[in-house]
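The lines below spell out each chain.
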Amino acid sequence: MISNVDSSAKYNIRVNCKLEELIKEISDACYINMKSYYMINIYMIPEIVDILKITDLSSLESYVIIQDLNGLEKQIIHKNGNVIKSSTINDILAVKELLLKLNYNELMYMNYDIYCYQKNNSFITIKNILKQGIFIEGNEEMLSLLKEKNIPYDSSNLCVDNEKNALENVQKNLKNNMK
């Protein structure tokens with residue numbers, strides 16, 4: 001299974017530089033690229049749900065994530081109450097079309113390019129998220145590296161929730177379109 005290397009990451013920070021610059025600085029600090037992959041998550045909700053009233057995904061009683069991990073693993077994840085089930089699928093777009101016919105709406109589409117780096121026991125994950133920006137995930141050592149290398153980052157929020165951030169953008173766009 002493909003996943004982020006570091007499950008104990010404390011920080012998820014938006015960086016304010018180009019992806020190439022960030023990768024160069026991390027590589028120059030002797031971090032080794034362990035793997036790189038893409039991930040697509042398509043979030044679907046029942047059409048009866050008011051998108052503007054959602055505070056975060058955990059507040060939803062029911063939703064579906066259609067996921068593609070590097071073209072190697074494709075699955076549908078369904079949350080209904082406290083039960084989460086997943087099944088392997090072949091075609092994410094066909095599943096999306098089927099859910100649309102079953103009265104689901106697309107809440108958001110998240111497209112990630114993910115780069116996982118390691119140096120000794122320290123892990124850094126870079127997430128380049130379409131329409132959101134570049135984020136770096138890691139621990140105290142990663143935060144020190146950003147400061148040492150003068151990599152600009154958003155210090156106002158050191159623990160960005162990418163899903164919540166995307167949801168807020170969807171809601172903002174909907175409100176703007178209603179005006």
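Note that this is a predicted model, so its numbers are computed, not measured.

Asker: Help me get a handle on the pairing of strand 5 (residues 83-88), residues and values and all.
Answerer: Among the six residues that make up strand 5, zero are buried, leaving the element largely open to the surroundings. In this structure, strand 4 (residues 73-80) lies alongside strand 5, joined through six bridges in antiparallel fashion. Its bridge partner lying in strand 5, histidine 78 is registered against lysine 85.

Asker: Can you tell me about the pairing of strand 2 (residues 32-46), naming the residues and giving the values?
Answerer: As paired strands, strand 2 and strand 6 (residues 104-119) are joined by 14 bridges and run antiparallel to one another. Note on strand 6: the bridge partner recorded for isoleucine 40 is asparagine 111. The sheet contact formed by strand 2 and strand 3 (residues 62-69) spans six bridges and is antiparallel. By the bridge assignment for strand 3, methionine 44 is matched with valine 64.

Asker: Any details on the state of the cysteines? Residues and values, ideally.
Answerer: Applying the stated criterion to the full structure yields zero disulfides. Counting only cysteine sulfurs, cysteine 116 is the nearest neighbor of cysteine 17, a cysteine outside any disulfide, at a range of 17 Å. With relative accessibility at 14%, the residue cysteine 17 sits in the buried group.

Cut-offs and rules
- Residues numbered from 1 in each chain as written.
- Predicted model: local features only at pLDDT ≥ 70, side-chain atom pairs only at ≥ 80, totals over all residues.
- Heavy atoms only, no water.
- Buried < 20%, exposed > 50% of the residue type's maximum accessible area, 1.4 Å probe, protein only.
- Helix = DSSP H or I, 4+ residues; strand = E, 2+ residues; numbered from the N terminus.
- Pairing = 2+ DSSP bridges.
- Disulfide = S-S within 2.5 Å.

In short, the description is geometric, and any link to function would need to be established separately.
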